[in-house]
Amino acid sequence: MKKLNNKYRNNNYNNQVYSLNYKFDSTSPAGKITGTALDLIKRYNDLAKDSVSNNDYITAEVYRQYAEHYRKIVTEINEKKMQRNNFNHDAENVVEANVADKQVAENDNGTEAQSSEVASAPVEEAPVVEKKAFTVIEISDAPKAESESAPAPKKRVYRRKTAAVAAEV
């Protein structure tokens, strides 16, 4: 039975969750480098600077691309932390709101059922839609003189064929 490399077979490979303390093993033209994403960014930037000082711009660009890869990983880690913090903060606010609603309901003495129904239903006001007024402006092809009044334009009359006329044709 042939064993396949799970790194490339795993469909959730892009969904891995790393932390800033996760140790990466990076294989590059400089050899194998191990460390956290922040350490690897610093190391690859240093290697790029050394390559530029040796007039090897292609290798410097390769190292910059490696550094950019780990920079994206660090950015992703930070974004996921912010999302988790915001989610936890929102959940705490919901719990606090529910506790406050229960306290208000208990203070109403006997109207607990009514107040819990009212408190649990979200109250949103519908946005007010302003009605727009439209005016029709007629534009004629010929320019008008201010002193002269132009004759009224002729209306087109559309005639429909009736069933009797259509049968004759």
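Residues numbered from 1 in each chain as written. Predicted model: local features only at pLDDT ≥ 70, side-chain atom pairs only at ≥ 80, totals over all residues. Heavy atoms only, no water.

S.K.: Help me get a handle on the nonpolar core, residues and values and all.
M.R.: Formed by 16 residues in total, the largest nonpolar core has its most connected members in Phe24, Leu40, Tyr44, Tyr70 and Ile73. Put simply, the parts of the chain that give this core at least two residues each are helix H2 (37-53) and helix H3 (57-107). With 7 residues, H3 is the single largest residue contributor to this core. Ignoring anything within four residues of it in the chain, the contact list for Ile73 reads Tyr18 and Phe24. (Core = buried A, V, L, I, M, F, W, Y, C linked by side-chain atoms within 4.5 Å. Buried < 20%, exposed > 50% of the residue type's maximum accessible area, 1.4 Å probe, protein only. Helix = DSSP H or I, 4+ residues; strand = E, 2+ residues; numbered from the N terminus. Contact = heavy atoms within 4.5 Å.)

S.K.: Could you give an account of H2, with specific residues and numbers?
M.R.: If you check H2, its first and last C-alpha atoms are 24 Å apart, about what 17 residues at 1.5 Å a residue would give, namely 24 Å. All of the buried residues along H2 are Ala37, Leu40, Ile41, Tyr44, Leu47, Ala48 and Ser51. Angularly, the buried residues of H2 cover 130° about the axis, an arc narrow enough to put them on a single face. Of the exposed residues in H2, the ones pointing more than 90 degrees away from its buried face are Lys42, Lys49 and Ser53. (Expected span 1.5 Å × (residues − 1). Arc of directions from axis to C-beta.)

S.K.: Let's hear about the packing of aromatic side chains: which residues, and what values?
M.R.: Applying the stated criterion across every chain, the model contains 5 aromatic pairs. Judged by centre distance (5.5 Å) and plane angle (65°), the ring pair of Phe24 and Tyr70 falls under edge-to-face. Here Tyr70 lies in helix H3 and Phe24 lies in strand E1 (residues 24-28), a separation of 46 residues in the sequence. Summarising the burial analysis for this pair, Phe24 and Tyr70 share the class buried. For the ring pair Tyr44 and Tyr66, a centre distance of 5.0 Å and an interplane angle of 25° mean the geometry is stacked. In this pair, Tyr44 is assigned in helix H2 and Tyr66 in helix H3, connecting sequence segments 22 residues apart. The class of Tyr44 is buried, set by a relative accessible area of 0%. Here the aromatic residues Tyr22, Phe24, Tyr44, Tyr63, Tyr66 and Tyr70 are joined through ring pairs into a cluster of three or more. (Phe/Tyr/Trp six-rings, centres within 6.5 Å; stacked < 30°, edge-to-face > 60°.)

S.K.: Please give an account of the pattern of salt bridges that cites residues and values.
M.R.: Scanning all chains against the criterion turns up 3 salt bridges. Between Arg71 and Glu68 there is a salt bridge; the shortest N-O distance is 2.6 Å. One end of the pair, Arg71, and the other, Glu68, are both in helix H3, 3 residues apart, so they sit about a helical turn from each other. Look at Arg71 and you get partly exposed, because its relative accessible area is 33%. Across the pair Lys80 and Glu76 runs a salt bridge, and its minimum N-O distance is 3.5 Å. Separated by 4 residues within a single helix, Lys80 and Glu76 lie in helix H3, roughly one turn from each other. A residue is classified by how much of its surface remains accessible, and Glu76, at 34% relative accessible area, is partly exposed. (Salt bridge = Lys/Arg side-chain N within 4 Å of Asp/Glu carboxyl O.)

Everything listed here is a matter of coordinates, which is why it stays silent on function.
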